[in-house]
Amino acid sequence: MLQKMYDWVDERLDITPMWRDIADHEVPEHVNPAHHFSAFVYCFGGLTFFITVIQILSGMFLTMYYVPDIINAYESVHYLQNEVAFGVIVRGMHHWGASLVIVMMFLHTLRVFFQGAYKKPRELNWVVGVLIFGVMLGLGFTGYLLPWDMKALFATKVGLEIAQTVPVIGPAMKALLAGDAHIIGAQTLTRFFAIHVFFLPGALLGLMGAHFIMIRKQGISGPL
Amino acid sequence: MHRGKGMKFVGDSRIPAERKPNIPKDYSEYPGKTEAFWPNFLLKEWMVGSVFLIGYLILTVVHESPLERKADPTDASYIPLPDWYFLFLYQLLKYKYAAGDYTLIGTVVMPGLAFGALLLAPWLDRGPERRPKKRPVATSLMLLALISIIFLTWESVVNHDWEKAEEQGKPVEVEIDKQAEGYKVYQEQTCIGCHGNNLQGGSGPSLIGTGLAPEEIAKIAKEGVGSMPADQFKGSDEQLKQLSEFIANLEKK
């Protein structure tokens, strides 16, 4: 039955090569902790991806309640945290995931760096990885404002003041992010929401796609 | 692959009519020992994910994610602090040669150089050697950066007044005086059923900080509003006055 359904779709869309490209690939033995325990260092990249998936899923549930305006943002987070069934778990996972993903990504970066895995022919993948790092920090920075509590507002204030010190483009960059040259308020919150939920995740998915395609093409770097 | 004349397609589509057999690729000539991702590798790797997920969930359950009081832009006494992974950058700005007149060094030059060097690492460290010991410059620079990040984060953490920080962010709880005459009326007139024993709301909205005048509240109690039906209040005018003033005086914060 399943085979027939597969054949039916395959006849029309020729999915066998796609399936072979996505799922059928080999993994070198030296990256498997089941063979050598020290190979756990190769898990950090996969765990980063795992947390990213959890962040996307928990974030989708958070937006079911979250309201990005300065009157209701705090109240909606407060409600989510205290009244909604499992709200405290969903928000907790998103909150802790944000920290864990930075930790895992940092460890992954160090693994690749110290193993010299960025060398020819993997230079481009390293560059994409560093860009992913930047996008992740941006996600952390913009997401921090969204609950609209004291620490959120003042951390953002400081962050934007630092952005302002950049010569030439600083003030324009701040105005673009905050929606105003001086005020950090309603506009800032909606902009950070849009950046956090649409712009940066879009960039992240694109970069991650490129990251994975390159790994698939080149394979994981060999043992030292 | 078949090319040129004689190719057959499914209907008028571009899908080749000839089915390719679904057989695994041949990895036997790849460098090093390998195994198939599906299912051999995945069956072992999911265990790492599970262990990690359990730790992650324990962390989530044990430490509730923090929420301070609602943002108040007028509070100038609040000491700001970024999230922990930005602390090292924040701390950097507290040193003499990265602050004040030299602030650009702390905000642009040093982070820019570090990020730029990281981005261009493959072109800065071009030798074919991969072992950390055989490329001392790259390794020692990264170790230096690592130690600096840890040191700056550490300095930032020990110099921050965490008790004061916790105090300044605490949400202000509304104290409900349950001995007040108004609260007794609130209880007797069954308002409590929908608006909760702390006036926090239930099937009706919260009555804390409504911003309404006592007269408006009295009117709502009598005539209802929205989904609240009229004639909920059945007490005396004296009680109505006590109730409406009690609710009107419940300030948020």
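Heads up: these notes are all about the structure in this document. In this text the structure is predicted, and so the values were computed from the model without any measurement.

What follows concerns the overall build of chain A. Of the regular secondary structure elements, chain A holds nine helices and one strand. The contacts of chain A with a sequence gap of at least 6 include a subset with a gap of at least 24, amounting to 64%. As displayed, chain A has an accessible area near 10800 Å², and 74% of this comes from carbon and sulfur atoms. Computed over 14 positive and 15 negative side-chain charges, the separation of the two mean positions in chain A equals 7 Å.

What follows concerns the interface of chain B and chain A. If you look at the interface, chain B gives 78 residues, while chain A gives 87 residues. Across the chain B to chain A interface the summed buried area is about 7400 Å²; carbon plus sulfur atoms make up 67%. Considering only the surface of chain B that becomes buried against chain A, Y56, L67 and R130 of chain B emerge as the three largest contributors, covering 11% of it. Summed over the shared surface of chain B and chain A, the result is two salt bridges. Inspection of the chain B/chain A interface yields 32 residue pairs in polar contact (both at pLDDT 80 or more). Listing elements by their share of the side of chain B that touches chain A, those giving two or more residues are β1 (34–36), α1 (37–62), α3 (103–119), α4 (121–124) and α5 (136–158) of chain B. Ranked by the residues each element gives to the side of chain B that touches chain A, the list is headed by α1 of chain B, at 14 residues. Its residues placed into classes, the side of chain B that touches chain A shows 48 nonpolar, nine polar and 21 charged.

Moving on, we come to the packing of aromatic side chains. Two numbers describe a pair of aromatic rings. These are the distance of the centres and the angle of the planes. This structure, assessed with the given rule, holds 21 aromatic pairs over all chains. With a centroid separation of 5.5 Å and an interplanar angle of 35 degrees, the aromatic rings of F113 of chain A and Y118 of chain A are classed as tilted. The pair formed by F113 of chain A and Y118 of chain A is uniform in burial state, with each residue classed as buried. Cluster of aromatic residues (ring-pair linked, three or more members): F141 and F192 of chain A together with W84, Y85 and F86 of chain B. Over the aromatic face of W8 of chain A sits the side chain of R12 of chain A, whose NZ or CZ is 3.9 Å from the ring centroid. The ring of F113 of chain A has R135 of chain B lying over it, and the distance from NZ or CZ to the ring centre is 5.5 Å.

Looking at where D75 of chain B falls in the secondary structure, it is placed in the loop between α1 and α2 (87–92). A polar atom in the side chain of D75 of chain B sits 2.9 Å from the side chain of R69 of chain B. One polar contact links D75 of chain B to S77 of chain B, side chain to side chain, over a distance of 2.8 Å. Residues contacting D75 of chain B, with those up to four places away along its chain left out, are M150 and F154 of chain A together with R69 of chain B.

Turning next to a nonpolar patch on the surface. Residue and element names in this part refer to chain A. On the surface, a nonpolar cluster with roughly 730 Å² of combined accessible area is contributed by F49, V53, I56, L57, M60, L205, F212, I215 and I220. The element that contributes the greatest number of residues to the nonpolar patch is helix α3 (residues 43–62), accounting for five residues. Mapped onto the secondary structure, I56 falls in helix α3.

Right, let's talk about the environment of G179 of chain A for a bit. Residue and element names in this part refer to chain A. Inspection of the secondary structure assignment puts G179 in the loop between α8 (170–178) and α9 (186–218). Here G179 falls in the partly exposed class, since its relative accessible area comes to 23%. Sequence separation between G179 and L100 is 79 residues; the distance between their C-alpha atoms is 30 Å. Once residues within four sequence positions are removed from consideration, G179 is found in contact with K174, Q187 and R191.

Attention now goes to the packing of helix α4 (residues 73–82) of chain A against helix α5 (residues 87–114) of chain A. All names here are of chain A. Where α4 meets α5, the closest approach of the two axes is 6 Å, and the angle between their N-to-C directions is 115 degrees. Between α4 and α5, the angle falls in the class roughly perpendicular. In contact with V77, L80 and Q81 of α4, α5 contributes G87, V88 and R91. A breakdown of the residues in the contact of α4 with α5 according to their chemical character gives three nonpolar, two polar and one charged.

Under the defined criterion, the tally for this structure stands at nine salt bridges over all chains. Of the charged contacts, one joins E167 of chain B and K170 of chain B as a salt bridge, the two residues approaching to 3.8 Å between their closest N and O atoms. With relative accessibility at 52%, the residue E167 of chain B sits in the exposed group. Residue K170 of chain B is classed as partly exposed on the basis of its relative accessible area of 42%. One connected set of salt bridges, linked through shared partners, spans K119 of chain A together with D125 and R135 of chain B.

Before going further, it helps to spend a moment on helix α6 (residues 162–169) of chain B. Residues and elements named next belong to chain B. Among the residues of α6, those classed as buried are A165, Q168 and G169. End-on view of α6: buried residues confined to an arc of 90 degrees, all on one side of the axis. Exposed positions of α6 whose direction lies more than 90 degrees from the buried face are E163, E166 and E167.

Below, the discussion takes up the state of the cysteines. Residue and element names in this part refer to chain B. For the structure on display, the rule yields zero disulfides over all chains. This cysteine, C191, is not joined by any disulfide, and C194 carries the nearest cysteine sulfur, 9.0 Å off. Look at C191 and you get buried, because its relative accessible area is 17%.

Calculation criteria
- Residues numbered from 1 in each chain as written.
- Chains lettered and ligands numbered in written order.
- Predicted model: local features only at pLDDT ≥ 70, side-chain atom pairs only at ≥ 80, totals over all residues.
- Heavy atoms only, no water.
- Helix = DSSP H or I, 4+ residues; strand = E, 2+ residues; numbered from the N terminus.
- Contact = heavy atoms within 4.5 Å.
- Areas by Shrake-Rupley, 256 points an atom, 1.4 Å probe, with all protein chains shown as cover.
- Lys, Arg positive; Asp, Glu negative; His and termini not counted.
- Charge placed at Lys NZ, Arg CZ, Asp CG, Glu CD.
- Buried area = accessible area lost by both parts, 1.4 Å probe.
- Salt bridge = Lys/Arg side-chain N within 4 Å of Asp/Glu carboxyl O.
- Polar contact = N/O pair within 3.5 Å; in protein donor to acceptor, adjacent residues only side chain to side chain.
- Nonpolar A, V, L, I, M, F, W, Y, C, P; charged D, E, K, R; others polar.
- Phe/Tyr/Trp six-rings, centres within 6.5 Å; stacked < 30°, edge-to-face > 60°.
- Buried < 20%, exposed > 50% of the residue type's maximum accessible area, 1.4 Å probe, protein only.
- Lys NZ or Arg CZ within 6 Å of the ring centre and 35° of its normal.
- Patch = residues over 30% accessible without salt bridge, like charges linked within 9 Å, V, L, I, M, F, W, Y side chains within 5 Å.
- Axes fitted to C-alpha atoms, helices over the stretch in contact; angles between N-to-C directions.
- Parallel < 35°, antiparallel > 145°, perpendicular 65-115°, else oblique.
- Arc of directions from axis to C-beta.
- Disulfide = S-S within 2.5 Å.

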